Amino acid sequence: MERLSVLYANALFDLAREKGVVDEFLAEATFIRDSLIDENCQRILNHPQISASEKHKFFEEAFSGKVHQDLLGFLYLVADKNREPALLSALNKLIVNIEQSSGKVKAKITSASPYDEKQADSLKTMLSRKLGKEVELEMKVDKSIIGGPYIFVDGYHIDWTIKNRLRDLTTQMKEGCYT
């Protein structure tokens, strides 16, 4: 399915460039992906007894008039070919392809407390300099990480969280005791 996802993403990206709707595809592919991540949507999409025509109707009701006709056609194709497991991955790859082609990347930052504007700007500047790309931050707060940031950007994971450091320390202590 991974190879299929890449093929779908590349074909959609080429189509978007050909038609001059790359930015539109980025926004709409993100909208579709974020809508279909829902557990109930996934049950509908992956249920073996729900027919392709019923899935067409589902897509029509959810996305008609909200997304480009070619993206809606892609959703229909996925349902017709019974390739729903490749759908979210293909959309994710399309989004990454478009972002990379524009020299922009999205960094997902998780921290124990919200960053103020100065901290966010500093992090954005540092990441942009390191990656040589324009970085957009997507901030999320998760108090369970105790402190420090978790950063996912351009395929890289950077985990400076206290939770992870405590986990590593615990592992090292256990290994030290048993060796």
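Quick note: structure is the one above.
Residues numbered from 1 in each chain as written. Predicted model: local features only at pLDDT ≥ 70, side-chain atom pairs only at ≥ 80, totals over all residues. Heavy atoms only, no water.

Draft legend 1. Highlighting the side chain of K55. Tracing the backbone through its elements, the reader meets K55 in helix α4 (residues 52–63). Among the polar contacts listed, one links the side chain of K55 to the backbone oxygen of L45, at a separation of 2.7 Å. Once you skip the residues sitting within four places of it in the chain, K55 turns out to touch I44, L45, H47, I50, A79 and E84. (Helix = DSSP H or I, 4+ residues; strand = E, 2+ residues; numbered from the N terminus. Polar contact = N/O pair within 3.5 Å; in protein donor to acceptor, adjacent residues only side chain to side chain. Contact = heavy atoms within 4.5 Å.)

Draft legend 2. The arrangement of the pattern of salt bridges in detail. Taken as a whole and judged by the stated rule, the model has seven salt bridges. In this structure, E2 and K93 form a salt bridge, with 2.6 Å as the shortest nitrogen-oxygen distance. Of this pair, E2 sits in helix α1 (residues 2–19) while K93 sits in helix α6 (residues 87–101); the two residues are 91 residues apart in sequence, bridging distant segments of the chain. Its relative accessible area of 22% is what places K93 among the partly exposed residues. R33 is paired through a salt bridge with D34; the nearest N and O atoms lie 3.0 Å apart. Given the relative accessible area of 44%, D34 is considered partly exposed. (Salt bridge = Lys/Arg side-chain N within 4 Å of Asp/Glu carboxyl O. Buried < 20%, exposed > 50% of the residue type's maximum accessible area, 1.4 Å probe, protein only.)

Draft legend 3. Molecular detail of the sheet that holds strand β4 (residues 156–159). An order of β2-β1-β3-β4 is seen for the four strands of this open sheet, with the pairing classed as mixed. Only two strands of the sheet have a single neighbouring strand rather than two, namely β2 (134–141) and β4. Averaged over all pairs of adjacent strands, the angle between strand axes in this sheet comes to 15°, irrespective of strand direction. Here strand β1 (residues 104–111) pairs with strand β3 (residues 150–153) via four bridges, running antiparallel. Bridge pairing links T110 to Y150 in β3. (Pairing = 2+ DSSP bridges. Axes fitted to C-alpha atoms, helices over the stretch in contact; angles between N-to-C directions.)

Draft legend 4. Quick peek at the packing of helix α5 (residues 69–80) against α6. Two elements in contact, α5 and α6, have axes whose closest approach is 11 Å; the angle formed by their N-to-C orientations is 150°. Taken together, the axis directions place α5 and α6 in an arrangement best described as roughly antiparallel. The interaxial crossing formed by α5 with α6 has right-handed handedness. Contact residues: L71, F74, L75 and V78 in α5; L87, A90, L91 and L94 in α6. (Parallel < 35°, antiparallel > 145°, perpendicular 65-115°, else oblique. Left-handed = near helix turned anticlockwise from the far one by under 90°.)

Draft legend 5. A look at unusual backbone geometry. You will see that N82, though not glycine, has its phi angle at about 60°, which is positive. With respect to the helices and strands, N82 occurs in the loop between α5 and α6. Overall, N82 belongs to the exposed group, its relative accessible area being 55%. Even without glycine at this site, I146 takes up a positive phi of about 70°. Following the sequence through the fold, I146 ends up in the loop between β2 and β3.

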